[in-house]
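Architecture at a glance
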2 protein chains.
Amino acid sequence: MQQQISVITLGVSDLARSRKFYVAGFGWAPVFENAEVVFYQMNGLMLGTWLEAALAKDSQRPNQTKPGAFSIAHNVPTREDLQKTLNTLALCGGRILRMADDPPHGGTRGYVADPDDHAWEIAWNPAWKIDAQGHVTFGI
Amino acid sequence: MQQQISVITLGVSDLARSRKFYVAGFGWAPVFENAEVVFYQMNGLMLGTWLEAALAKDSQRPNQTKPGAFSIAHNVPTREDLQKTLNTLALCGGRILRMADDPPHGGTRGYVADPDDHAWEIAWNPAWKIDAQGHVTFGI
């Protein structure tokens, strides 16, 4: 099967609050939005923020909890962008989980929780190639 | 900022059990693996399965719980592939949450939980364009 992810959907409790984090914080533009979901066109996949109750109903999973045991990473172009990005996201409803520092496996990273407590890793990793469309290729 | 996601990292408790779901179930090939993480090169981003304790330590988030309020979607090329894919994943350690049926917003979808209770939506949606590299473009 194609190694392909089409959407990451995050359950959110307040669309406007979540939208502020992604639009004002990351500076991203929605590609579609209505009263229960906002979609962002990412690098060959979609990010969806969907009202939590609707996601729970659709997936027939009423017992969703937070914070979930997962994280999503966004890579920045320079090391200098990293802490700046964490700070901007914190000003837009995020909560910094970890200030930027260097993990043993290389690069630099910090973590911020979005307003619904979903963890985002903000990373700088020169070994991973990222093209103009944002497509990311694994490297060591 | 670039509308870009570089990695989705799922916390897992048993790497071999998780690997079976992704390698035998989805038929995906790892691009890197060691004793604590397996990476899969996806459509312009990485899927990582990382030991849960390591992810919790890295993100400074000891209170992660499951099942998290999120889902990841994989789109199949035909409607016929859908239930077949759910069934294969169930044979490889997954648990079907919802059998394939048609939501009001179009297309067809079902849900399966991976061995660590992370929800995957398996979808068929002819309105979303998917190219040979698996890059997905939003459509209505």
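Refer to the structure printed above.
Here is a short report on the structure shown in this document. (Residues numbered from 1 in each chain as written. Chains lettered and ligands numbered in written order. Predicted model: local features only at pLDDT ≥ 70, side-chain atom pairs only at ≥ 80, totals over all residues. Heavy atoms only, no water.)

Topic: the relation of the copies chain A and chain B
Put simply, the rule reads: Fitting of the copies onto one another was done by least squares over C-alpha atoms, counting residues only where both copies have pLDDT of at least 70. Contacts are assigned to residue pairs that have any heavy atoms within 4.5 Å of one another.
Mapping chain A onto chain B calls for a screw motion: a turn of 180 degrees about the axis and a shift of 0.0 Å along it, with 0.0 Å RMSD after fitting. Both copies are brought into coincidence by an operation consistent with a two-fold rotation axis. The rotation axis passes nearest to the C-alpha of A:G68 in chain A, at a distance of 1.9 Å. Both copies contact each other with a shared surface, as 100% of the interface residues of chain A are interface residues in chain B too.

Description of the interface of chain A and chain B
Under the convention used in this document: Buried area counts how much accessible surface, traced with a 1.4 Å probe, disappears from two parts once they are put together, with both parts' losses summed. Take a side-chain nitrogen of Lys or Arg and a carboxyl oxygen of Asp or Glu: if they are within 4 Å of each other, that pair is a salt bridge. Under the rule applied, a polar contact is a pair of N or O atoms within 3.5 Å (in protein, one hydrogen donor and one hydrogen acceptor; residues adjacent in sequence only if both atoms are side-chain atoms). Strands are runs of DSSP state E lasting at least two residues, helices are runs of H or I lasting at least four, and both sets are numbered from the N terminus onward.
Taken together, the contact between chain A and chain B spans 72 residues of the former and 72 residues of the latter. Interface area, chain A with chain B, both sides summed: about 6,100 Å², of which 53% is carbon and sulfur. It is A:M1, A:Q3 and A:R61 that lose the most area in chain A upon contact with chain B, and together they represent 13% of the buried surface on that side. Along the contact surface separating chain A from chain B lie four salt bridges. Between B:R61 and A:D117 there is a salt bridge, with its nearest N and O atoms 2.7 Å apart. Summed over the shared surface of chain A and chain B, the number is 51 residue pairs in polar contact (both at pLDDT 80 or more). Considering each element in turn, the side of chain A that touches chain B owes the most residues, six residues, to strand β5 (residues 70-75) of chain A.

Quick notes on the sheet that holds strand β8 (residues 119-124) of chain B
Rules: Strands were regarded as paired on the criterion that DSSP finds at least two bridges between them. Axis definition: a line fitted to C-alpha atoms, over the contacting stretch in the case of helices. Angles run 0 to 180 degrees between N-to-C directions.
Strand order in the open sheet formed by eight strands is β2(A)-β3(A)-β4(A)-β1(A)-β5(B)-β8(B)-β7(B)-β6(B), with mixed pairing between adjacent strands. Across the chains shown, the open sheet's two edge strands, defined by having one partner strand only, are β2 (30-33) of chain A together with β6 (95-101) of chain B. Here the strands of the sheet are splayed against their neighbours by 20 degrees on average, with no regard to which way each runs. One ladder, built from six bridges, connects strand β1 (residues 7-12) of chain A with strand β4 (residues 46-51) of chain A; its direction is parallel. Bridge pairing links A:L10 to A:T49 in β4(A). Lying over the sheet, helix α3 (residues 80-91) of chain B contacts β6, β7 (108-113) and β8 of chain B, oriented at roughly 175 degrees with respect to β6(B).

Quick word on the nonpolar core
Nonpolar side chains in soluble globular proteins generally cluster together in the buried interior. Rule in force here: Definition of nonpolar core: a set of buried residues of the types Ala, Val, Leu, Ile, Met, Phe, Trp, Tyr and Cys, connected through side-chain atoms within 4.5 Å. Note on classification: 1.4 Å probe, protein chains only; a residue is buried when its accessible area is under 20% of the maximum for its type, exposed when over 50%, partly exposed between these limits.
A:L47, A:W120, B:L47 and B:W120 are the most contacted members of the largest nonpolar core, which has 48 residues in total. The contact partners of B:L47, leaving out residues within four places of it in the chain, are A:I5, B:I8, B:L10, B:Y22, B:W28, B:V38, B:F39, B:Y40, B:M42 and B:W120.

Side note on unusual backbone geometry
All names here are of chain A. That bond from K66 to P67 is cis: its omega, 0 degrees, falls within 30 degrees of zero. Looking at the secondary structure, you find P67 in the loop between α2 (52-58) and β5. Even without being glycine, Q60 reaches a positive phi, approximately 50 degrees. The residue Q60 is located in the loop between α2 and β5 in this model. A relative accessible area of 44% means that Q60 is categorised as partly exposed.

Taken by themselves, the reported measurements are silent on function.
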